[in-house]
Amino acid sequence: MRALLQGLALLCVVLASPVHAVEPALAQRIAAGDNDEKVAVLAKIVAAADPKDIPFLKALAEGTVTVDGKPVEVTVNNRLRKEIDGAIAALKLVDPDHDTRLAAAKELSNGAEPSVLPAVRKALAVEKDAEIQGLLASIAASLGIRAGDKAERLAAIKTLGSSNSPTSRALLTELKDEPDLEIRAAAQRALKEVEGRLAWAERAGLLFAGISLGSILLLAALGLAITYGLMGVINMAHGELIMIGAYTTYLVQNLFRAHFPGAFDAYLLFAVPSAFLASMLVGMALERCVVRFLYGRPLETLLATWGISLMLIQTVRTIFGAQNVQVENPSWMSGGLEILSGVVLPYSRIVIIAFAVAVLAGIGLLLAKTRLGLFVRGVTQNRAMASCVGVPTARVDLWAFGLGSGLAGLAGCALSQIGNVGPDLGQSYIVDSFLVVVLGGVGQLAGTVLAALGLGIMNKLLETWAGAVIAKIVVLVFIILFIQKRPQGLFAMKGRSVES
Amino acid sequence: MLRRKFLTTLVSVALAASAALGTAYAQTGGTVKVGVLHSLSGTMAISETVLKDVALMAIEEINAKGGVLGKKLEADVVDPASNWPLFAEKARQLISQDKVVVTFGCWTSVSRKSVLPVFEELNGLLFYPVQYEGEELSKNVFYTGAAPNQQAIPAVEYLMSKDGGGAKRWVLLGTDYVYPRTTNKILRAFLKSKGVAEADIMEEYTPFGHSDYQTIIAKIKKFSSEGKKTAVVSTINGDSNVPFYKELGNQGLKATDVPVVAFSVGEEELRGVDTKPLVGHLAAWNYFMSIKGPENDSFKAKWAAYAKAKKLPGADKPLTNDPMEATYIGVYMWKQAVEKAKSFDTDKVIAAMAGQTFKAPSGITSKMDEKNHHLHKAVFIGEIKADGQFNVVWKTPGPVKAQPWSPFIAGNDKKKDEPEGKTVIAAPAAPKK
């Protein structure tokens, strides 16, 4: 009777537990054993190569194991997670779907644990697709590089030499103390090849980082290039106009989160024009109320706008609090594009570079092709003469200042995607913006572009060479020296400008 | 004659009565000021604002239960705005002008170094709630955060172990100021004592508020591909952490390949960062919000209620973290010490602090060391989960005594484990010389 009851209970347990191929004994060992024990069990699961185990492994990665029908919590750390991910990928290598196999092989090629080697070899023997085959061969090579006989190891080194993943470099570097001279020499040759290719990838990554920083500097400085460069107003509140753009983005984001959560990913499309408008309106109010009375008096303008910048900071602090606010990236902006193994270009930065190019093109067209652009250029070059031929200079000033301010708002919108948004946001960009405009040459958009890119790339090159702190110092010293030598900046305004 | 005597008696009785009344009034009524010195703006506001709030919460709790020695506590909150010299000015204002009896404050070591001379000169009392680099002992300061041997060293030891991934190469990455520089000096000496070669250590610093981590991450990637298993020790402080972790996630540097362990990043700093790509990166603290236990549950519930009642930013997702816990412990230990000393006098409270214990939200009974002004704390190492919380993967069996003078810095073995110049109060019949 008792035995029968026990049998029934057991049956219930078996029926209740989800169907998976992992034996209860193994599950028990995973739930109760220490990490070494768990790793040993995982190796067994991989060796069994049964794709039905994948749900069990996925649950384990989430931290639960089902033992006797009851979920048991398991602490999963990095070591286990790596083993589990490797095991899942290894089991997927025999999946009938081509893309699943490819993804699994790619994952394993980023560094696999030795326990998956038999599974990889087995999969390699039956794999038909050339791409997956190549990946599998290189995985098998990287795992077999330390074990196996000499011929096998040499072959493995050769395979690794033709790959361009940073993992291969790590593996080959470790062979530099190899007792077998022939293998050591082969490894060194292979290492050189890999390093040569990786060096190019690194250079490409560095160039991208420089361009990305340049695009940010350009966005921050473009508005200033108009207000300061073309109009000659030293606007110390430019940074705060950027900040207003960033806060507008934050507000639009909140609005979308509260009212249109389904369309959250699209909030940036609305944030861009809103940020432009908000900053433009603030800028135009600033021009009407303060700046227009101070044209031609740069020192007073500087002081007045600086005071206004402090007022704006304090206003924002009062409304939103002193703490940073969180602006979340839309999901399509997180992650990155892997151009070569090891070099990932984040989507957010790619988007910002594209955005900077678009803004630049837009402003270029506006200045070159529209009536407002014509007037702005006319007033900039010779205010008195423009006024004589009937250009409403006061209104042109207003619109030009509004345009410059709106561009600052766009910069704020972009910056909110990669940095922090707080009341002090503008302070950290105002100096950089002035540097870019002055270096580029006052009154020249092309100069601003070149200066922004130049400073960005130079900064990034120096950072890899000397660290972020020194890089900043060196760049500032360079700019001081450059301005001493060439006060007009990279590009000097040509022509008979009245001011000069 | 008799009459005169009667008069004198009367006067003296009246005097005595008024004196007694006066004392009684001082003991039961009125308020006493308590300083709160945390940056509420600037680069450190991301971390320090909640410390101000949790201090206010503890003060409110104490007041609701009748205050300390019958006096209500009145919080005096000032904002030094992440500006180090301003910290010293504000501290001076708190002590000499506002006459606060104690101050809870500071996060960065540079701010603590800035206020230290003020507290020593004016004999004030500071409770410092954040993990730091050690190498300091002042009789006027109680350190309720971790010393290096309660955070940094165990974390590095864990990453060296088999379970931590067996790291052999190290990137020491930090913000450029005294805490990261000193911690990395200690860690470098520690790593060397464990046989790590000079070439296997890379040290990198960024300025406060740095926001572009592209090249640093690329450098880490390159360094990690040049040899054995690499781990990153991050002592980045303040809001730079947000762009750092965003870049880390976007560039796809996975914790299973190159784990990053941070000493100044907790639940609050990760708020608003997409933590899905960061799963598995680590932090070492003496408290995590995810620790299970009745003390922590009640602490979290109190905080959630307080944040909601005060409409604090982020009250919809209330988070607790280690320095908040340390602040909370500090406020309560100070209260206990004042009650033991029966006085708000700095020297008496300092003497009464020795050996105070408090059942901390982490579930550990923390003890203030009898001598060295540091708490005995348990060490936890947590991995970031997809929801921004931490999964504790390692902990010490019990509380660890702090070593403010790290044995890994030359000359420290001769230093005394007790601050100089403490006034000995009511010492039990000191032997006569």
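Details of the structure are given in the entry above.
Residues numbered from 1 in each chain as written. Chains lettered and ligands numbered in written order. Predicted model: local features only at pLDDT ≥ 70, side-chain atom pairs only at ≥ 80, totals over all residues. Heavy atoms only, no water.

Undergrad: Outline the overall build of chain B, listing residues and values.
TA: Tallying secondary structure elements over chain B gives eleven helices and 15 strands in all. Its C-alpha atoms give chain B a radius of gyration of 24 Å, near enough to 22 Å, the size a compact globule of 433 residues would have. Oriented by its inertia axes, the alpha-carbon framework of chain B measures out at about 105 × 55 × 40 Å. Long-range pairs, those at least 24 residues apart, make up 69% of the contacts in chain B with a sequence separation of at least 6. Of the roughly 16,400 Å² that chain B leaves accessible, carbon and sulfur atoms contribute 58%. (Helix = DSSP H or I, 4+ residues; strand = E, 2+ residues; numbered from the N terminus. Rg over C-alpha atoms; globule rule 2.2 N^0.38 Å. Contact = heavy atoms within 4.5 Å. Areas by Shrake-Rupley, 256 points an atom, 1.4 Å probe, with all protein chains shown as cover.)

Undergrad: A description of the overall build of chain A should follow, citing residues and the corresponding values.
TA: When helices and strands are tallied, chain A shows 21 helices and four strands. Whereas a compact globule of 500 residues would reach a radius of gyration of roughly 23 Å, chain A reaches 31 Å, over 25% beyond that. Looking at chain A as a whole, 48% of its 500 residues are labelled buried. Sequence-distant contacts, at least 24 apart, represent 71% of the contacts inside chain A between residues at least 6 apart. A total of about 23,900 Å² of accessible surface is found on chain A, and carbon and sulfur atoms cover 66% of it. (Buried < 20%, exposed > 50% of the residue type's maximum accessible area, 1.4 Å probe, protein only.)

Undergrad: Before we move on, could you go through the sheet that holds strand 9 (residues 260–262) of chain B and cite the residues and values that matter?
TA: Residue and element names in this part refer to chain B. Read from one edge of the open sheet, seven strands run 7-6-8-9-10-14-15, paired in mixed fashion. Here the strands that pair on one side only, and so sit at the sheet edges, are strand 7 (201–206) and strand 15 (390–395). Shown here is a sheet whose adjacent strand axes are inclined to one another by a mean of 25°, direction ignored. Relative to strand 7, strand 6 (residues 169–175) is paired through six bridges, and the arrangement is parallel. By the bridge assignment for strand 7, Val171 is matched with Met202. (Pairing = 2+ DSSP bridges. Axes fitted to C-alpha atoms, helices over the stretch in contact; angles between N-to-C directions.)

Undergrad: Break down the nonpolar core for me, citing the residues and quoting the values.
TA: B:Trp170, B:Phe263, B:Trp303 and B:Trp334 are the most contacted members of the largest nonpolar core, which has 93 residues in total. Here this core takes nine residues from helix 10 (residues 322–341) of chain B, the largest share from any one element. In this view, B:Trp170 contacts B:Val156, B:Leu159, B:Met160, B:Leu191, B:Val196, B:Asp200, B:Ile201, B:Met202, B:Phe223, B:Ala231 and B:Val233; residues no more than four positions away in its chain are not counted. Ranked by size, the runner-up nonpolar core spans 81 residues in total, among them A:Val391, A:Phe401, A:Phe434 and A:Val436. (Core = buried A, V, L, I, M, F, W, Y, C linked by side-chain atoms within 4.5 Å.)

Undergrad: An account of the pattern of salt bridges is needed here, citing residue identities and associated values.
TA: For the coordinates displayed, the defined rule picks out 40 salt bridges over all chains. Of the charged contacts in the structure, one is a salt bridge between B:Asp257 and A:Lys82, with a shortest N-O distance of 3.5 Å. Separated into two different chains, B:Asp257 in the loop between helix 8 (241–250) and strand 9 and A:Lys82 in helix 5 (residues 78–92) make up a pair that spans both. Its relative accessible area of 27% is what places B:Asp257 among the partly exposed residues. (Salt bridge = Lys/Arg side-chain N within 4 Å of Asp/Glu carboxyl O.)

Undergrad: Let's hear about a nonpolar patch on the surface: which residues, and what values?
TA: All names here are of chain A. A cluster of nonpolar side chains, contributed by Leu337, Ile339, Leu340 and Tyr347, occupies part of the molecular surface with about 300 Å² of accessible area. Tracing the chain through its elements places Leu337 in strand 3 (residues 336–340). Judged by its relative accessible area of 38%, Leu337 falls in the partly exposed class. (Patch = residues over 30% accessible without salt bridge, like charges linked within 9 Å, V, L, I, M, F, W, Y side chains within 5 Å.)

Undergrad: Quick rundown of the environment of B:Gly355? Include the residues and the values.
TA: Residue and element names in this part refer to chain B. Tracing the sequence through the fold places Gly355 in the loop between helix 11 (346–353) and strand 11 (357–359). Residue Gly355 is classed as partly exposed on the basis of its relative accessible area of 26%. Spatially, the C-alpha atom of Gly355 lies 6.0 Å from that of Lys367, the residues being twelve residues apart in sequence. Setting aside residues up to four positions removed in sequence, Gly355 forms contacts with Lys367, Met368, Asp369 and Glu370.

Undergrad: Describe the sheet that holds strand 11 of chain B, with residues and values.
TA: Residues and elements named next belong to chain B. As summarised here, the arrangement of the three strands in space is 11-12-13, forming an open sheet in which the pairing is antiparallel. This sheet does not close on itself; its edge strands, each paired only once, are strand 11 and strand 13 (375–376). When strand 12 (residues 365–368) meets strand 13, the two strands line up antiparallel, connected through two bridges. Paired with Lys367 across the strands is His376, a residue of strand 13.

Undergrad: Break down the interface of chain A and chain B for me, with residues and values.
TA: The interface is formed by 51 residues belonging to chain A together with 52 residues belonging to chain B. Interface area, chain A with chain B, both sides summed: about 3,900 Å², of which 44% is carbon and sulfur. Here chain A and chain B share seven salt bridges between them. Run the count over chain A and chain B and you get 20 residue pairs in polar contact (both at pLDDT 80 or more). For the side of chain A that touches chain B, the elements supplying multiple residues, two or more each, are helix 3 (35–48), helix 5, helix 10 (166–173), helix 11 (181–230), strand 4 (343–346), helix 15 (347–369), helix 20 (445–466) and helix 21 (468–485) of chain A. Here the element with the most residues in the side of chain A that touches chain B is helix 11 of chain A; it accounts for six residues. Among the residues forming the side of chain A that touches chain B, the class breakdown is 16 nonpolar, 22 polar and 13 charged. (Buried area = accessible area lost by both parts, 1.4 Å probe. Polar contact = N/O pair within 3.5 Å; in protein donor to acceptor, adjacent residues only side chain to side chain. Nonpolar A, V, L, I, M, F, W, Y, C, P; charged D, E, K, R; others polar.)

Undergrad: Mind laying out helix 8 (residues 130–144) of chain A, listing which residues take part and the relevant values?
TA: The end-to-end C-alpha distance of helix 8 of chain A, which contains 15 residues, comes to 20 Å, matching closely the 21 Å that a straight helix rising 1.5 Å per residue would cover. The opening residue of helix 8 of chain A, the one whose side-chain oxygen lies 3.0 Å from the backbone nitrogen of A:Glu131, is A:Asp129. (Expected span 1.5 Å × (residues − 1).)

Undergrad: A description of the packing of aromatic side chains should follow, citing residues and the corresponding values.
TA: All names here are of chain B. Within this structure, the stated rule accounts for 30 aromatic pairs over all chains. For the pair Tyr128 and Tyr132, a centre-to-centre distance of 5.8 Å together with 85° between the ring planes defines the contact as edge-to-face. According to the relative accessible area criterion, Tyr132 is buried, its value standing at 2%. Linked through ring pairs, Trp84, Phe87, Tyr177, Tyr179 and Phe208 together constitute an aromatic cluster. Sitting above the plane of the Tyr205 ring, Arg181 keeps its charged end 3.9 Å from the centroid. (Phe/Tyr/Trp six-rings, centres within 6.5 Å; stacked < 30°, edge-to-face > 60°. Lys NZ or Arg CZ within 6 Å of the ring centre and 35° of its normal.)

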